[in-house]
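This is what each chain is made of:
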Amino acid sequence: MEYGLIGAKLGHSYSKIIHEMLCGYHYDLCPLPTEEEARAFLTRRQFKAINVTIPYKKLVMEYCSYIDPRAKAIGAVNTVVNKNGLLYGYNTDYMGFAYLCDAHGVDFAGRTVLILGTGGTHNTTSAVARDKGAAKVLTVSRHPDPEKGELSYAEAARSGAQIVINTTPAGMYPNVGVCNLDVAAMPGLEAVVDVVYNPDKTEIILRAEEAGVPVAVGGLEMLVAQAVYAAEYFLSRKFEDAPGEIRRITAALRRDLLNIALIGMPSSGKTTLGKMLAKQLGRTFVDLDEEIVKTAGCSIPDIFAAEGEDGFRARETAETRRFGKEGRQLLSCGGGAVKRPENLRALHQNGVVLFIDRPVEALAVGGDRPLSSSMDALREMEAQRRPLYLAAADAVIPNNGTLDEALRAAMEALDEIFDS
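Residue indices begin from 1 for each chain and proceed along its sequence in written order. Given that this is a predicted model, residues contribute local features only at a pLDDT of at least 70 and side-chain atom pairs are listed and counted only at 80 or more, while totals for whole chains, interfaces and linings are drawn from all residues. In computing side-chain values, all of the structure's heavy atoms are included and hydrogens and water are not.

Peer 1: Describe the packing of aromatic side chains, listing the residues and the values that go with them.
Peer 2: Ring geometry is summarised as follows: Phe, Tyr and Trp rings, the Trp one being its six-membered ring, pair when their centres sit within 6.5 Å, and such pairs are stacked at plane angles under 30 degrees, edge-to-face over 60 and tilted between the two. Taken as a whole and assessed by the stated rule, the structure comprises ten aromatic pairs. Measuring from ring centre to ring centre gives 5.0 Å for Phe-304 and Phe-312, while their planes differ by 35 degrees; the resulting arrangement is tilted. Of the two residues, Phe-304 and Phe-312, both sit in the buried class. Working rule: Lys NZ or Arg CZ, within 6 Å of ring centre, within 35 degrees of ring normal, means a charge sits over the ring. If you follow Arg-237 out to its NZ or CZ, it ends over the ring of Phe-239, 5.4 Å from the centre. Burial classification: accessible surface area is computed with a 1.4 Å probe over protein chains only, and a residue below 20% of its type maximum counts as buried, one above 50% as exposed, and the rest as partly exposed.

Peer 1: Which residues make up the side chain of Asn-198, and what values go with them?
Peer 2: To qualify as a helix, a DSSP run of H or I must reach at least 4 residues; to qualify as a strand, a run of E must reach at least 2; elements of each kind are numbered from the N terminus. By the secondary structure assignment, Asn-198 is in the loop between strand 10 (191–194) and helix 7 (203–210). For Asn-198, a relative accessible area of 11% translates into the label buried. Contact definition: two residues touch when any of their heavy atoms are within 4.5 Å. If we ignore the near neighbours within four places in the chain, the residues touching Asn-198 are His-12, Tyr-14, Met-172, Tyr-173 and Asn-350.

Peer 1: Mind laying out the pattern of salt bridges, listing which residues take part and the relevant values?
Peer 2: What makes a salt bridge here is a side-chain nitrogen of Lys or Arg within 4 Å of a carboxyl oxygen of Asp or Glu, nothing more. Under the criterion given, the structure shown has 29 salt bridges. Note that Asp-200 and Arg-254 form a salt bridge whose closest N and O atoms lie 3.1 Å from each other. Here Asp-200, found in the loop between strand 10 and helix 7, pairs with Arg-254, found in helix 9 (residues 242–257); they are 54 residues apart in sequence, far enough to count as distant. Looking at Arg-254, the relative accessible area reads 22%, which means it is partly exposed. With a shortest N-O distance of 3.1 Å, Arg-386 and Glu-382 are connected by a salt bridge. In this pair, Arg-386 and Glu-382 both sit in helix 14 (residues 375–392), four residues apart, roughly one turn of the helix.

Peer 1: Requested: an account of the nonpolar core, with residues and values cited.
Peer 2: Remark: nonpolar core denotes a set of buried residues (Ala, Val, Leu, Ile, Met, Phe, Trp, Tyr, Cys) joined through side-chain atoms within 4.5 Å. Core analysis: the biggest nonpolar cluster contains 53 residues, and Ile-18, Phe-97, Val-106, Phe-108 and Val-113 have the highest contact counts within it. Broken down by element, this core gets its largest block of residues, eleven residues, from helix 8 (residues 220–235). Once residues lying within four places of it in the same chain are set aside, the contact partners of Val-113 are Phe-108, Ala-129, Ala-134, Lys-136, Val-137, Leu-138, Ile-163 and Ile-165. Within the second largest apolar cluster, 21 residues are counted, among which are Leu-347, Phe-355, Leu-378 and Met-381.

Written out as structure tokens, the structure is:
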């Protein structure tokens, strides 16, 4: 192996995609489930350079002849370069997190910072916060040690902090939807930063956005940035425009990995347009109403008859959560999916939301849509839902002409979203 990543579990790692997209060299994922395997790998030293992830960032330091002072101070190495049999250790997680915060205007000077979690990434983010002038850095734990000054989550919510950094796996794929801190109950929050990158927006980030926190950002850019800075060590050269490379790779990753969810009124064209978009973008098409029918074993009118609208909406939420946490899909949502905030969080966590806007007069009456019983019913429904569609959407796609025109509008909107 020339270049690659070692760690105990690497099943959901994006590192191979990032490095090969960045530099073109072959990059291997090398899972080493046990410490014994990790030590044997490091003893053999049969690599040019590697990245290191959980749980070996401390262990690898034992094998390094040289450790960068910053990595030594943090107590973790995530980048190792083999120079004629001697291993040199660095910490580009620090650089990646600093880049993320700088890119989004997080100002630590004089601020009180809460760091959720006590693992290795805590030390990295704490070092960045302190180096950038934080007045106070507080640690939050589910099992706080008072002798270390650690806070419980209830105490953290009353701390008066301006910045929250999550370094725990709470909300990470596949166990999405978890948020241990009530950020909505923390007036004066200026930024919430999560080092988790899958999903793109964890529950704490989504709730921070809903609460109007000025900066709410996940860890994908940090992941890309640390890889860019690691590649500079790998190749012993600087990129001419490292920030530009970070932006380029991050945009390409989001374009490749994120879902695209279509919302809008029944019969607005979500299914037909969605299938066309899915084919053009190479994504799997999923009709959430069809998935509800498959799971229930009966039609939507039968679900309404047996369980009422509340029963149907509960099933809709379950399917939205099931598919929303995955990636590379085109999701066609039911017309009423926007009625529940939890559905919108499920769609936004790993996706872009497009509102397919078709004139009411062009919508179909009846069919298998129990709430579309008449044109008057459609008009009333559209008036109620339109504000929800507009609030939920990242872009509005008019569908009052040909399908080709709507498809072009959708592609142009996606280009603008992913390139911004």
